[in-house]
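Single-letter residue listing:
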Amino acid sequence: MTRYLQANAKADKIQVDVKTDTLNISNNENMAWVEYDQTTVSHGKDSNSTRQSHEYRTLVKENNEWKLLSLITNDISAFTSVSAPRIENNLNTAGYNLMTAGRLNDAIDVFKVNVKINPKAWNPYDSLGEALAAAGKKKEAIENYEMSVKPNPKNDNGVKALEKLKGK
């Protein structure tokens, strides 16, 4: 990762330093799980920025070479922020991570919490509609997609999902 960031940083404009702590590696012959905290410091012409994250990598061995199968990066500062948009985004991300892991009912529960604490935001309704549609709960999915399109008519995902669910 460090080599990639340093190789792809524009030398004349930005320099990237990566410090990795708390490295945990678990593996068997053909699969590996790597988890670590990292601090990335970007040095630009006019400013510096620091980003802390926690990364999870799953690797698979094919033809005697390790290849990246999945990568999840959590921005640590995102979990210490109390701003409403950041909380909304974190809950949405958690819901989608649960969907990806095949935990659809848990994802629905997280999206419902997001809707409850962000009732005026359109995106939590859209995400809940998507999860409900995936669970085969058509009527509830339509209701939530409609709630997402009402405040944001430009929500193309919601409009298209409604058309599909209503058979138009």
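One structure accompanies this document, and this report is about it. (Residues numbered from 1 in each chain as written. Predicted model: local features only at pLDDT ≥ 70, side-chain atom pairs only at ≥ 80, totals over all residues. Heavy atoms only, no water.)

## Thoughts on helix H3 (residues 104–117)
Here comes step 1: Between its terminal C-alpha atoms H3 stretches 20 Å, which fits the 20 Å expected from 14 residues at 1.5 Å a residue.
Here comes step 2: Looking only at H3, the buried set comprises Ala107, Ile108, Val110, Phe111, Asn114 and Val115. Buried residues in H3, looked at end-on, bunch into an arc of 165°, giving them a common side. Turned more than 90 degrees from where H3 packs its buried face, Asn105 and Lys116 sit exposed.
Here comes step 3: Where H3 is buried, its residues contact helix H2 (84–100) and helix H4 (123–134). (Helix = DSSP H or I, 4+ residues; strand = E, 2+ residues; numbered from the N terminus. Expected span 1.5 Å × (residues − 1). Buried < 20%, exposed > 50% of the residue type's maximum accessible area, 1.4 Å probe, protein only. Arc of directions from axis to C-beta. Contact = heavy atoms within 4.5 Å.)

## A closer look at helix H5 (residues 138–149)
Here comes step 1: The first and last C-alpha atoms of H5 sit 16 Å apart over 12 residues, in line with the 16 Å expected at 1.5 Å per residue.
Here comes step 2: Those residues of H5 not exposed but buried are Ala141, Ile142, Asn144, Tyr145, Ser148 and Val149.
Here comes step 3: In the core, the buried residues of H5 are packed alongside H4 and helix H6 (156–166).

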